[in-house]
Amino acid sequence: MKKSTNRLALFSTLIAIAFGFLSCEQKQKEETKEVKKEVIVESEKPEYFLLRPEVENAYGYSHAVKIGNDIKISGAVSMDDEGNPTAIGDIEQQMKNCYADLEKILKHFGCTFDDVVKEDIFTTDMAQMLEKSAYRAEIYKNGFPTGSWLEVKGLALPEFMLEIELEVHKSE
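Residues numbered from 1 in each chain as written. Predicted model: local features only at pLDDT ≥ 70, side-chain atom pairs only at ≥ 80, totals over all residues. Heavy atoms only, no water.

Points about the packing of aromatic side chains
Moving on, step 1. Inspection of the entire model under this criterion finds six aromatic pairs.
Moving on, step 2. Arranged with centres 5.9 Å apart and planes meeting at 75 degrees, the rings of Y99 and F113 form a pair that is edge-to-face. Here Y99, found in helix 3 (residues 91–108), pairs with F113, found in the loop between helix 3 and strand 4 (116–123); they are 14 residues apart in sequence, far enough to count as distant.
Moving on, step 3. Three or more aromatic residues link up through ring pairs in this structure, and these residues are Y99, F113, Y135, Y140 and F144. (Phe/Tyr/Trp six-rings, centres within 6.5 Å; stacked < 30°, edge-to-face > 60°. Helix = DSSP H or I, 4+ residues; strand = E, 2+ residues; numbered from the N terminus.)

Notes on the sheet that holds strand 2 (residues 64–67)
Moving on, step 1. Across the sheet, six strands lie side by side as 1-2-3-6-4-5; this open sheet has mixed pairing. Edge positions in the open sheet fall to strand 1 (47–49) and strand 5 (146–151), since each of these has one partner strand only. Sheet twist, expressed as the mean angle between neighbouring strand axes with direction ignored, is 10 degrees.
Moving on, step 2. Alignment of strand 3 (residues 70–76) against strand 6 (residues 162–169), held across five bridges, turns out to be antiparallel. Residue K72 lies in a different strand from strand 6, and its bridge partner there is E167.
Moving on, step 3. Packing of helix 3 onto the sheet brings it into contact with strand 1, strand 2, strand 3, strand 4 and strand 6, and relative to strand 6 it is tilted by some 25 degrees. (Pairing = 2+ DSSP bridges. Axes fitted to C-alpha atoms, helices over the stretch in contact; angles between N-to-C directions. Contact = heavy atoms within 4.5 Å.)

What about the pattern of salt bridges?
Moving on, step 1. Throughout the structure, instances matching the rule amount to seven salt bridges.
Moving on, step 2. D81 serves as the salt-bridge partner of R52, at 3.2 Å between the closest nitrogen and oxygen. A residue pair is termed long-range when its members are at least 10 positions apart, and R52 in the loop between strand 1 and helix 2 (53–59) and D81 in the loop between strand 3 and helix 3 qualify at 29 residues.
Moving on, step 3. For R52, a relative accessible area of 8% corresponds to the buried category.
Moving on, step 4. Judged by relative accessible area, D81 falls into the exposed class, the value being 54%.
Moving on, step 5. Ionic pairing is found between E92 and K132, a salt bridge with its closest N-O pair at 4.0 Å. You can see E92 sitting in helix 3 and its partner K132 sitting in helix 4 (residues 126–132), a full 40 residues away along the chain. (Salt bridge = Lys/Arg side-chain N within 4 Å of Asp/Glu carboxyl O. Buried < 20%, exposed > 50% of the residue type's maximum accessible area, 1.4 Å probe, protein only.)

Written out as structure tokens, the structure is:
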């Protein structure tokens, strides 16, 4: 009789464990089903900005494109509203003109130079650029962004001595 009772107890224990295991397995399957639900994220549409629409449309580019919290700004050069070079031969004034245009673009998106995370400068005369680069401290008062400075053989027009591109991250 003792053997029957032990077998019955063992059998009952095994059945209880099996039902417990099946119950856990069922819960895990339900949780897995919940996790497998598809998350649909709407794609963000880019916002285009033209600083000088006639010039930019003629050359086929947008001066800035914002998508999400990031803004890419095409190279700014020293030009008037008709696309003619200004401050010819004066790299410091060309630099000031570039930053003035860049500031207009940043303001359009509600940003400042504090939001700039990358700045790339292309110049046809690195020696002069280095001499006049102290002006940048007036622009970047809270720290300089990352970036590169490159001396190039030429820019879009021979009168341009530098071009400045920016990447911006706008915190919400």
